[in-house]
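Chain by chain, the residues run as shown.
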Amino acid sequence: MIGEAHDVAVEPPSIILGIETSCDETAAAIVRDGREVLSSVVASQIDIHARYGGVVPEVASRAHVEAIIPVVAEALAEAGIDHVDLDAVGVTHGPGLIGALLVGVSAAKALSLAWEVSLIGVNHLEAHLYAAFLEEPDLEMPLVILLVSGGHTMLVVMEDHLRYRVLGSTLDDAAGEAFDKVARHVGLGYPGGPIIDRLSTNGDPEAIRFPRAMMSDGWDFSFSGVKTSVVNHMRRHPDTDVGDLVASFQEAVADVLVTKARRAAREEGARGICLAGGVAANSRLRERVREVCELDGLRAFLPDREMCTDNAAMVAAVAWHRLCADGPSALDLGAFPSLRLPTI
Ligand code: KG4
Ligand code: ZN
């Protein structure tokens, strides 16, 4: 059996259990036909890691082990279905923390064997790209997608289902990482993104002009410079209003991201700009994408905030598309911490 695809014929329509454990959320969801979310359960470990100021991999793995079975049970109960109604189990198998990924992959393999359903390995980055399709399954392509999370910042052109080109990515910090590091330096807590987003509503985004690195230079990004500028500014001017400081930082990050996405949409003849990943929950980024799309006659696709951050519904959505296109994965499916987005 090991090394061979688990041979269970699945024809759409199908009901898929998605499992996500790549970082600090243990999540399970039930999705019908890759688009209809019957349930989506997320057990966050934020409180466990907050005291360390970031995710501790070993602690994350242990918390996933404790949470995975109750979370899967809750997803089935919320969807009002039994495991016999399932056609497949889709699981994130990279990129992410190796110990955390292994918990989800091992659980998915065990359930696939015990319940005699197909197993599908899902790329976490591809899952983020599909979050918008859960709300709007008929999104028109080509699309420019800004995938901005704690671990990644990528400018992607999606030409069709499962067909992507990566135009650029970050050369240093991911956008979410910059939010988290700035928040830590300023003593605001973890994770920094939502805190900075909230505090910025009371600040002036024009108060301090932070650098916009590589704004009109190619497709790649760099966020470590703006992070250092914020830290240095705070050192030199300790009386700066924190609202002004973080609003100005947030403005600089949003400015670079949106300027590049807008230019990419023009050059690629895209129908719209879509946001994906945890930072896509950012209010100012969403506002700026809405503004430029309106100006340029493009559609703005902004998934619900719960769908932007890590969840298993987006994993089940990709699992369905991959199952239809490529069939199931083999039962010796591995976990890959540095898995890359499959491109054309
Ligand atoms: O996609 P995600 O949940 O996990 C990864 O795959 O990385 O993204 C988490 C990241 C964190 O860096 C967090 O600070 C950031 O997304 N984030 C935000 C907001 N909500 C979450 N960043 C800016 N504004 C937000 N509202
Ligand atoms: Zn993620």
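This text goes with the structure placed above it.
To start, this report covers the structure provided alongside it. (Residues numbered from 1 in each chain as written. Chains lettered and ligands numbered in written order. Predicted model: local features only at pLDDT ≥ 70, side-chain atom pairs only at ≥ 80, totals over all residues. Heavy atoms only, no water.)

**Thoughts on the sheet that holds strand β3 (residues 36-44)**
Stage number 1. What the 5 strands build is an open sheet, ordered β3-β2-β1-β4-β5; its pairing is mixed. Either end of the sheet is taken by a strand with one partner, and the two such strands are β3 and β5 (118-123). Across this sheet, the average inter-strand angle for adjacent strands is 20°, counted without regard to direction.
Stage number 2. Pairing geometry for strand β1 (residues 15-20) and strand β4 (residues 88-94), over 4 bridges, is parallel. Bridge pairing in β4 links G18 to G90. (Pairing = 2+ DSSP bridges. Helix = DSSP H or I, 4+ residues; strand = E, 2+ residues; numbered from the N terminus. Axes fitted to C-alpha atoms, helices over the stretch in contact; angles between N-to-C directions.)

**Focus on the packing of aromatic side chains**
Stage number 1. Counting across every chain of the model gives 3 aromatic pairs.
Stage number 2. When the centroid spacing of 5.0 Å and the interplanar angle of 35° are considered together, the rings of Y130 and F133 count as tilted.
Stage number 3. F133 gets classed as buried once you look at its relative accessible area, which sits at 3%.
Stage number 4. Ring plane angle 15° and centroid distance 6.0 Å describe the contact between F221 and F223, whose orientation is recorded as stacked. The pair F221 / F223 is uniform in exposure class, with both members buried. (Phe/Tyr/Trp six-rings, centres within 6.5 Å; stacked < 30°, edge-to-face > 60°. Buried < 20%, exposed > 50% of the residue type's maximum accessible area, 1.4 Å probe, protein only.)

**Here we look at helix α7 (residues 192-200)**
Because each turn of an α-helix spans 3.6 residues, side chains separated by three or four positions in sequence point in the same direction.
Stage number 1. What α7 keeps buried is the set G192, G193, I195, I196, D197 and S200.
Stage number 2. Next to the buried residues of α7 lie α6 (175-186), α9 (242-268), α10 (283-296) and α11 (305-308). (Contact = heavy atoms within 4.5 Å.)

**Concerning the packing of helix α8 (residues 224-236) against α9**
Stage number 1. The N-to-C vectors of α8 and α9 enclose an angle of 165°; their axes lie 11 Å apart at closest approach. One finds that α8 runs roughly antiparallel with respect to α9. The handedness of the crossing between α8 and α9 comes out as right-handed. Across the interface between the two elements, V226, V230, H233 and M234 from α8 touch V242, L245, F249, A252 and V253 from α9.
Stage number 2. When its residues are assigned to classes, the contact of α8 with α9 shows 8 nonpolar, 1 polar and no charged. (Parallel < 35°, antiparallel > 145°, perpendicular 65-115°, else oblique. Left-handed = near helix turned anticlockwise from the far one by under 90°. Nonpolar A, V, L, I, M, F, W, Y, C, P; charged D, E, K, R; others polar.)

**What about the site of ligand 1?**
Stage number 1. Taken together, 19 residues form the shell around ligand 1, and within it G150, D180, G193, D197 and G278 come nearest.
Stage number 2. In this structure, H124 approaches ligand 1 through a side-chain N or O atom, which is 3.3 Å from an oxygen atom.
Stage number 3. Between ligand 1 and N282 there is a distance of 3.1 Å, counted from a nitrogen atom to a side-chain nitrogen or oxygen.
Stage number 4. Here ligand 1 loses 88% of its free accessible area of 550 Å² to cover by the protein chains. (Near = heavy atom within 4 Å. Polar contact = N/O pair within 3.5 Å; in protein donor to acceptor, adjacent residues only side chain to side chain. Areas by Shrake-Rupley, 256 points an atom, 1.4 Å probe, with all protein chains shown as cover.)

**Structural notes on helix α2 (residues 57-79)**
Stage number 1. For α2, with 23 residues, the first-to-last C-alpha span of 31 Å sits near the 33 Å given by 1.5 Å per residue.
Stage number 2. The principal kink in α2, of about 40°, is found at A67, preceding the proline P70 by one to four residues.
Stage number 3. Those residues of α2 lying buried are A60, S61, A63, H64, A67, I68, V71, V72, A75, L76 and A79.
Stage number 4. Where the residues of α2 are buried, they touch β1, β2 (25-32), β3, α1 (46-50) and α3 (98-115). (Expected span 1.5 Å × (residues − 1). Bend = angle between axes of the 7 residues up to and from the residue.)

**Quick word on the side chain of S14**
Stage number 1. You can see S14 is positioned in the segment before β1.
Stage number 2. For S14, the side chain forms a polar contact with the side chain of W320, separated by 3.4 Å.

**Digging into the pairing of β5**
Stage number 1. Burial runs high along β5: 6 of the 6 residues are buried.
Stage number 2. Across the two faces of β5 the burial is the same, with S118, I120 and V122 and L119, G121 and N123 all buried.
Stage number 3. Direction of pairing for β4 relative to β5: parallel, over a ladder of 6 bridges. The residue of β5 that forms the bridge with V91 is G121.
Stage number 4. Between the parallel pair β4 and β5, the chain is carried across by α3, and the sense of this crossover is right-handed. (Right-handed = clockwise from strand over helix to strand, strands pointing away.)

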